[in-house]
Structure formats: C-alpha cells, structure tokens
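# Observations on the three-dimensional arrangement
In case you want the letters, here they are:
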Amino acid sequence: MNTDRNAPIGVFDSGVGGLTVVREIMRNLPHERIVYFGDTARVPYGSKSKSTVLRYSRQIVRFLETQNVKAIVAACNTASALALDTIEKEVQLPILGVVKPGATVAVHTTRNKRVGVIATESTIHSHLYRTLIQAEDPEITVFGKACPLFVPLVEEGWTKDSITREVAGRYLGELLEKDIDTLIMGCTHYPLLRSLLREIVGEKVTLVNPAYETAQALKRMLSDMNLENQAPGGEPYRFYTSDAAEKFDAFAASILPCRVPAAEQIPIEEY
Ligand code: DGL
C-alpha cells in the first residue's frame, strides 16, 4: 500500500489504446499524476491466451510498482478480462480494470434488458462482461461480438473511412438484429469510432464507454480511500513503452487533450 496521496496513478495497456482511458482521467481527474505503460512490443493482447496476457500484465504491474504509484488502472479490456482477477490478489495496491465500470453502467442503462458488447476475441471469449452484468441483473441478456478489424483500422487513422463503416456495418448488423438498446464499446480503441458507431446503431441504442466510466470509478475510489492528490503540479505525466516510441508519441499527440513528454522505451521482459 502506498499512502502518499501525491503519488501518480499507474495506467497500463497493450499499446496505444489505453490512451483513451488516460484522456478520460486527464479530463475528469485533472490534478492526478499519471505513469502510463503501453506494451507496444507485444501488442495485440486481444488474440492471445489468458496465461500470456497474465504473464505480460504481471511484468507491467511490477514495473509500475517500481514507479511508486498509489493505484493501478488496467486500461486494457483484454488484460482486465483475462488477468485482473489473479493480479488483484497478488498486489498490495488498489487496482481497477475497465470491464467492471462499463458492465455496471450498462446494467443501469438498458431498459429492454438486451445489451450488446463489442470487444477483442479474447475479451468476448472470457465472457466477463456477461458474467458481471448478469451478476447484477440475471434477467439481462448479453450478446457479444468480437470485432478484430477495428483495432488496426483505428491505428491506421481510418476512424471515419468508408471501409471502416462497411466493416462496422457487418459486425454490428448481427447485434442490431437482437434488438439491443445498449452497446458497450469494450475495447480501448472503440471510443475513437464513436461517431461512426453512432451512425450505424442509430439514436435508440445507448453507447457505453468503459474508458469514461473507469475514470469516474477511479475518482470515487480515490475519494473513498483519501488518496486524491493534494499537491498538483510538477511533471504530471510520464509515458513508457516496450518498443520504439515514435509511433506512440504521434498517436498520443493526436488524442490527448494536452501536450505530453515523449515516451521512454524500457525492457519490460526484465520485470
Ligand atoms: N487494448 C486492447 C483492449 O482493450 C485492444 C488492443 C489489443 O488487442 O491489444 O482489449
């Protein structure tokens, strides 16, 4: 446990996608310092097995512990779905994933009790969104759909492209036939497709953004634990990656609400 309220929050992801969570933390908890790690050398996690994602996540958590963080956010949906239940029993720090906050909001959002989840293959196969939603309300039916092409399309910058619209139409058609009224964007990259997804699902379907909901959950957690930063300022944000950082820096500059320092590459396998 680190009771230093002014210590940073550790945030990690398989790569650049977790910056959508960082963006929400910056907007909603502007006084908090952040140490971010993006596993750019080993991305994607979304097609990997539980044991591999757990091994990677453990190394990252060990690295973040060396940075004296006061809490950890697993910004990656796949890591949250596959590794968090084990890791939270192993670390002394408060740790939050993105799946639970998204699932809880979906439970309170749906009126017809039909919820769709789009995510990576590994997140969908874990069924964690379904398990958490039905633990809160067993009457809700959850329909999952893996959308593996979305991550590369977003990283290519094709968030408004006709090809992406075509792909999204195919993926979502199946869910829309199930008459869902709530759709969880269960992958770090998908909030960047929000306007395109909105066009496809129409106004009657509520889009749930786990990145935003996680920032809100983090705010509540820090307040409950008396861990809110009391001395903002200094160098608030630091970024680390496991591969050369240029592409990461360009992506960060394109989506974060402020200028941030260049990322530093670290040898994550050594942790
Ligand atoms: N960050 C991952 C997630 O939210 C998407 C990218 C990947 O597959 O690693 O599930």
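Source: prediction; values computed, not measured.

### Some remarks on the sheet that holds strand 1 (residues 9–13)
- Across the sheet, six strands lie side by side as 4-3-1-2-9-10; this open sheet has parallel pairing. Both outer strands of the open sheet, strand 4 (95–97) and strand 10 (264–265), are each paired with one neighbouring strand and no more.
- Across five bridges, the pairing between strand 2 (residues 34–38) and strand 9 (residues 237–241) is parallel. Note that in strand 9 the partner of Gly-38 across the bridge is Thr-241.
- Lying over the sheet, helix 1 (residues 19–28) contacts strand 1, strand 2, strand 3 (71–74) and strand 9, oriented at roughly 170 degrees with respect to strand 2.

### Regarding unusual backbone geometry
- Residue Pro-44 follows Val-43 across a cis peptide bond; omega there is 5 degrees.
- Here Pro-44 is to be found in the loop between strand 2 and helix 2 (50–66).
- In this model, Asn-68 sits at a positive phi of 55 degrees, which is unusual for a non-glycine residue.
- Its place among the elements puts Asn-68 in the loop between helix 2 and strand 3.
- On the basis of relative accessible area, Asn-68 is assigned to the exposed category, the value being 51%.
- Positive phi values are uncommon outside glycine, yet Asp-179 reaches one of about 65 degrees.
- Position of Asp-179 relative to the elements: it lies in the loop between helix 9 (162–176) and strand 7 (182–185).

### Details of the pattern of salt bridges
- Within the structure shown, the criterion is met by 14 salt bridges.
- We note a salt bridge from Glu-228 to Arg-5, for which the minimum N-O separation is 3.5 Å. Within this pair, whereas Glu-228 is found in the loop between helix 11 (210–224) and strand 9, its partner Arg-5 is found in the segment before strand 1, the two being separated by 223 residues in sequence.
- Its salt-bridge partner being Arg-170, residue Glu-166 comes within 3.9 Å of it at the nearest N-O pair. Here Glu-166 pairs with Arg-170, and both are found in helix 9, just four residues apart, close to one helical turn.
- Accessibility expressed as a relative area gives 66% for Arg-170, which makes it exposed.
- Here the salt bridges share partners, and the residues they tie into one network are Asp-39, Arg-42, Arg-55 and Glu-269.

### Here we look at the state of the cysteines
- Under the defined criterion, the tally for this structure stands at zero disulfides.
- Sulfur of Cys-187: no disulfide; nearest cysteine sulfur belongs to Cys-76 and is 7.4 Å away.

### A closer look at empty space enclosed by the protein
- Scanning the entire structure with this criterion turns up one cavity of 30 Å³ or more.
- Quantified by volume, the largest cavity comes out at close to 40 Å³.
- Looking at the lining of the largest cavity, the elements with two or more residues in it are helix 1 and helix 11.
- Of the residues belonging to the lining of the largest cavity, the class tally is eight nonpolar, four polar and no charged.

### Observations regarding the side chain of Arg-23
- With respect to the helices, strands and loops of the structure, Arg-23 is situated in helix 1.
- Here Arg-23 sits buried without a salt bridge, and the closest side chain of opposite charge, Glu-24, lies 4.6 Å off (N-O distance).
- Ignoring any residue separated from it by four or fewer positions in sequence, one finds Arg-23 in contact with Leu-192, Ile-255, Leu-256 and Pro-257.

Procedures and definitions
Residues numbered from 1 in each chain as written. Predicted model: local features only at pLDDT ≥ 70, side-chain atom pairs only at ≥ 80, totals over all residues. Heavy atoms only, no water. Pairing = 2+ DSSP bridges. Helix = DSSP H or I, 4+ residues; strand = E, 2+ residues; numbered from the N terminus. Contact = heavy atoms within 4.5 Å. Axes fitted to C-alpha atoms, helices over the stretch in contact; angles between N-to-C directions. Buried < 20%, exposed > 50% of the residue type's maximum accessible area, 1.4 Å probe, protein only. Salt bridge = Lys/Arg side-chain N within 4 Å of Asp/Glu carboxyl O. Disulfide = S-S within 2.5 Å. 1 Å grid on protein atoms, 1.4 Å probe; cavity = no way out; pocket = protein on both sides within 12 Å on 5 of 7 lines; lining within 4 Å. Points joined across faces, edges and corners; volume = space filled by probe spheres on them. Nonpolar A, V, L, I, M, F, W, Y, C, P; charged D, E, K, R; others polar. Lys, Arg positive; Asp, Glu negative; His and termini not counted.

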